[in-house]
Amino acid sequence: MENRSSRSTENVRFVDDVFSAIGSDLRAALERDPAARGAADVILSYPGFHAVAAHRFIHALHRSGIPLLPRWLSNVNRFFTGIEIHPNARIGRGFFIDHGMGVVIGETAEVGDNCTIYQGVTLGGTSLARGKRHPTLGNNVTVGVGAAVLGAITIGDHAKIGGGSVVVRDVPPNATAVGVPARIVMKDGIPVSAPAEEEANWTWVI
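These notes cover the structure that comes with them.

Rules behind the numbers
Residues numbered from 1 in each chain as written. Predicted model: local features only at pLDDT ≥ 70, side-chain atom pairs only at ≥ 80, totals over all residues. Heavy atoms only, no water. Axes fitted to C-alpha atoms, helices over the stretch in contact; angles between N-to-C directions. Helix = DSSP H or I, 4+ residues; strand = E, 2+ residues; numbered from the N terminus. Parallel < 35°, antiparallel > 145°, perpendicular 65-115°, else oblique. Contact = heavy atoms within 4.5 Å. Nonpolar A, V, L, I, M, F, W, Y, C, P; charged D, E, K, R; others polar. 1 Å grid on protein atoms, 1.4 Å probe; cavity = no way out; pocket = protein on both sides within 12 Å on 5 of 7 lines; lining within 4 Å. Points joined across faces, edges and corners; volume = space filled by probe spheres on them. Pairing = 2+ DSSP bridges. Buried < 20%, exposed > 50% of the residue type's maximum accessible area, 1.4 Å probe, protein only.

### Here's the deal with the packing of helix H3 (residues 47–63) against helix H4 (residues 69–81)
Part 1 of the reasoning: Between H3 and H4, the shortest axis-to-axis distance is 9 Å and the interhelical angle comes to 175°. Taken together, the axes of H3 and H4 are roughly antiparallel relative to one another. Touching Pro 47, His 50, Ala 51, Ala 54, His 55, Ile 58, Leu 61 and His 62 of H3 are Leu 69, Pro 70, Leu 73, Ser 74, Asn 77 and Thr 81, all from H4.
Part 2 of the reasoning: Of the residues belonging to the contact of H3 with H4, the class tally is eight nonpolar, six polar and no charged.

The structure is reproduced here in structure tokens:
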């Protein structure tokens, strides 16, 4: 009887957590998109919000060990929203995907709280080995349109990734990275110039 009561309490807490996170995502869209015309507008017409809300339930099913269904549901989610999020990807609260078409978030990707990404962004892997192979984004990270963040790298809190960049190295907190391959151009609000020899030696292999 006690075990049944404990499971019931856990289920209620889980449902509360999911809906609380979805509420944070809704507020994020309203705060970060000047085009939003209220909560109803976001709920009815924002595919980024739809994709993340669906993922929160799909991720819960995946973590509970249900086979096959979460993966199938993630494909249904992609079909309707144009956004692919693997069921295992871990996403923090207040996540906002603006526009969203073409976004891909890989299996071992981790996204912190209050992050924003734009259309065409890939949080992808560079290895065929099992284990951690996708990036980790800290809190309050922004990833610009069409950027690719690749491999088991870490993007620090409050970092910004420029549109169209290809990031294959860690980015420290409070830094801005741009280019192909991306390099740090600003840190703590101060412009950064990479040494010429470092720029000459930067290569990227995928």
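### Quick look at empty space enclosed by the protein
Part 1 of the reasoning: Applying the stated rule across the entire model yields one cavity of 30 Å³ or more.
Part 2 of the reasoning: Considering only enclosed or pocket space, the largest cavity measures out at about 40 Å³ in volume.
Part 3 of the reasoning: In this structure, the largest cavity is lined by Asp 25, Ala 29, Tyr 46, Gly 48, Phe 49, Val 52, Phe 95, Phe 96 and Ile 97.
Part 4 of the reasoning: Among the elements of the structure, helix H1 (2–32), H3 and strand E3 (96–98) are those that each provide at least two residues to the lining of the largest cavity.
Part 5 of the reasoning: For the lining of the largest cavity, the leading source of residues is H3, giving three residues.
Part 6 of the reasoning: Considering only residue class, the lining of the largest cavity consists of seven nonpolar, one polar and one charged.

### Remarks on the pairing of strand E15 (residues 182–187)
Part 1 of the reasoning: Bridging between strand E14 (residues 175–179) and E15 involves five bridges; their strand directions are antiparallel. What sits directly across from Gly 179, in E15, is Ala 182.
Part 2 of the reasoning: As consecutive antiparallel partners, E14 and E15 are separated by two residues.
Part 3 of the reasoning: Relative to strand E16 (residues 190–191), E15 is paired through two bridges, and the arrangement is antiparallel. Residue pairing across strands places Lys 187 opposite Ile 190, the latter belonging to E16.
Part 4 of the reasoning: Linkage of E15 to E16, two consecutive antiparallel strands, is achieved through a turn of two residues, within which Asp 188 is found at a positive phi near 55°.

### Here's the deal with the sheet that holds E3
Part 1 of the reasoning: Taken in spatial order, the seven strands line up as E3-E6-E9-E12-E14-E15-E16 in an open sheet, and their pairing is mixed. In this open sheet, the two strands that pair with only one neighbour each are E3 and E16.
Part 2 of the reasoning: Bridge analysis of strand E9 (residues 142–143) against strand E12 (residues 160–161) gives two bridges, and the strand direction is parallel. Its bridge partner lying in E12, Val 143 is registered against Ile 161.

### Describing unusual backbone geometry
Part 1 of the reasoning: In the segment running from Val 180 into Pro 181, the intervening peptide bond is cis, with an omega of -10°.
Part 2 of the reasoning: Secondary-structure assignment places Pro 181 in the loop between E14 and E15.
Part 3 of the reasoning: Within the chain, His 99 stands out as a residue other than glycine whose phi angle is a positive 65°.
Part 4 of the reasoning: Positionally, His 99 belongs in the loop between E3 and strand E4 (104–105).
Part 5 of the reasoning: Accessibility expressed as a relative area gives 56% for His 99, which makes it exposed.
Part 6 of the reasoning: For Asn 174, which is not a glycine, the phi torsion comes out positive at approximately 60°.
Part 7 of the reasoning: Within the secondary structure, Asn 174 is located in the loop between strand E13 (166–167) and E14.

### Comments concerning the sheet that holds strand E2 (residues 90–91)
Part 1 of the reasoning: Taking strand neighbours across the sheet as the criterion, the four strands line up as E2-E5-E8-E11 in an open arrangement whose pairing is parallel. Each edge of the open sheet is held by one strand with a lone partner, namely E2 and strand E11 (154–155).
Part 2 of the reasoning: Pairing between strand E8 (residues 136–137) and E11: two bridges, direction parallel. Across the sheet, Thr 136 pairs through a bridge with Thr 154, a residue of E11.

Structural measurements only, silent on function.
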